[in-house]
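Here is how the chains run, residue by residue.
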Amino acid sequence: MSARSKARKRALDILYEADLRGSSFTETLAARLVQSDPPVPEYAVSLVEGVAERLADIDEMLSDYAEEWTLERMPAVDRNILRIGALELLWREDIPDGVAIDEAVELAKLVSTERSPVFVNGLLARLLDLKLGRTSR
């Protein structure tokens, strides 16, 4: 697993923890940085901060393009994998589109249900179509 893949997994851990506890992503991140066991890589920090900063936009897009799924109905782990994937896909110019989607799918394979990788791939592919101007709301 690459350093960035490990950082994505650590960011997912923090987002998932905050989501389950109903606390803010940035407060949970701050607590994990102080604890530093396991350490929080700089890329994980940037992902958590990016999701926190763009949460309303990300969640709106996920809600709009998740066919027959609400954010609340999605498993918390999938919801947060999708948040990371959407951030990298739509707001991180340093991450190629294919990498953003592949990494999210791999995370889903690693930590979620058997059906989650297909769901994650499909929803992020819809967001990629939106980014490339191949779809409308």
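Attention here is on the structure that accompanies the text. Here the structure is a predicted model, which means the values were calculated and not measured.

### A word on the environment of S5
Move 1: Residue position: S5 is located in helix α1 (residues 3-21).
Move 2: Here S5 falls in the buried class, since its relative accessible area comes to 11%.
Move 3: Along the sequence, S5 and E67 sit 62 residues apart, while their C-alpha atoms lie 28 Å from each other.
Move 4: Engagement of the side chain of S5 in a polar contact is seen with the side chain of E103, the distance being 2.8 Å.

### Section: the side chain of S112
Move 1: Structurally, S112 is set in the loop between α6 (97-111) and α7 (116-131).
Move 2: For S112, the side chain forms a polar contact with the side chain of S116, separated by 2.8 Å.
Move 3: Look past the residues within four positions of S112 in its chain and what remains in contact with it is V77, D78 and L107.

### Regarding the packing of aromatic side chains
Move 1: Evaluation of the coordinates by the stated rule reveals 1 aromatic pair.
Move 2: Here the aromatic rings of W69 and F119 are separated by 5.3 Å at their centres, their planes lie at 50°, and the arrangement is tilted. With W69 in the loop between α4 (55-65) and α5 (76-91) and F119 in helix α7, the pair connects residues that are 50 residues apart, well separated along the chain.
Move 3: The exposure class assigned to W69 is partly exposed, which follows from its relative accessible area of 29%.

### So, helix α2 (residues 25-35)
Move 1: Along α2, the residues that are buried comprise F25, T28, L29 and R32. Down the axis of α2, the sector holding all buried residues measures 100°, keeping them to one side. The exposed set on the far side of α2, more than 90 degrees from its buried face, consists of E27 and V34.
Move 2: For α2, the elements touching its buried residues are α1, α3 (42-53), α4 and α5.
Move 3: S36 lies just past α2 and shows a positive phi near 50°.

### Observations regarding the packing of α5 against α6
To characterise two packed helices, one gives the angle between the axes of the helices and the distance between these axes.
Move 1: Put simply, α5 and α6 touch, their axes get as near as 8 Å, and they point 165° apart. The angle between the axes of α5 and α6 places the two elements in the roughly antiparallel class. When the axes of α5 and α6 are compared, the crossing they make is right-handed. Between α5, through V77, I81, G85, E88 and L89, and α6, the contact on the second element is made entirely by D97, A100, I101, A104, L107, A108 and V111.
Move 2: For the contact of α5 with α6, the per-class residue count stands at 9 nonpolar, 1 polar and 2 charged.

### Some points on a nonpolar patch on the surface
Move 1: A cluster of nonpolar side chains, M1, L110 and V111, forms an exposed patch at the surface whose accessible area comes to about 300 Å².
Move 2: Following the sequence through the fold, L110 ends up in helix α6.

### What about the nonpolar core?
Move 1: One finds I81, L82, V120, L123 and L127 to be the most contacted residues of the largest nonpolar core, which totals 42 residues.
Move 2: Of all the elements, α5 adds the most residues to this core, at 7 residues.
Move 3: Setting aside anything within four residues of it in sequence, one finds V120 in contact with I81, L82, A104, V105 and A108.

Calculation rules
Per chain, residue numbering runs from 1 following the sequence as it is written. Whole-chain, interface and lining totals are the exception, using all residues; otherwise, since this is a predicted model, local features are given only for residues with pLDDT of at least 70 and side-chain atom pairs are given and counted only at 80 or more. Side-chain metrics in this entry use all non-hydrogen atoms of the structure; hydrogen atoms and water are not considered. Only runs of H or I of at least four residues qualify as helices and only runs of E of at least two qualify as strands under DSSP, and these elements are numbered from the N terminus. Remark: exposure states derive from per-residue accessible area (1.4 Å probe, protein chains only) relative to the maximum for the residue type, with buried under 20%, exposed over 50%, and partly exposed in between. Polar contact is defined as a pair of N or O atoms within 3.5 Å, subject to the rule that within protein one atom must be able to donate a hydrogen and the other to accept it, and that residues adjacent in sequence are counted only when both atoms are side-chain atoms. Contacts are assigned to residue pairs with any non-hydrogen atoms lying within 4.5 Å of each other. Two aromatic rings from Phe, Tyr or Trp, using only the six-membered ring of Trp, form a pair when their centres are within 6.5 Å; if the ring planes differ by under 30 degrees the pair is stacked, by over 60 it is edge-to-face, and anything between is tilted. This arc corresponds to the set of directions leading from the helix axis out to the C-beta atoms. With axes taken as lines fitted to C-alpha atoms, and helix axes fitted only over the stretch in contact, angles between N-to-C directions fall between 0 and 180 degrees. If an angle is under 35 degrees, it is roughly parallel; if it is over 145, roughly antiparallel; if it lies from 65 to 115, roughly perpendicular; otherwise it is oblique. Two helices crossing with the near one rotated counterclockwise from the far one by less than a right angle form a left-handed crossing, whereas a clockwise rotation gives a right-handed crossing. Note that Gly is not counted as nonpolar here; it falls among the polar residues with everything else outside the nonpolar set of Ala, Val, Leu, Ile, Met, Phe, Trp, Tyr, Cys and Pro and the charged set of Asp, Glu, Lys and Arg. Patches draw on residues past 30% relative accessible area with no salt bridge. Two like charges within 9 Å are joined, as are two nonpolar side chains (Val, Leu, Ile, Met, Phe, Trp, Tyr) within 5 Å. Only the protein chains shown count as cover for residues, and the accessible areas themselves come from Shrake-Rupley with a 1.4 Å probe. What makes a salt bridge here is a side-chain nitrogen of Lys or Arg within 4 Å of a carboxyl oxygen of Asp or Glu, nothing more. Residues belong to one nonpolar core when they are buried, are Ala, Val, Leu, Ile, Met, Phe, Trp, Tyr or Cys, and are joined through side-chain atoms within 4.5 Å.

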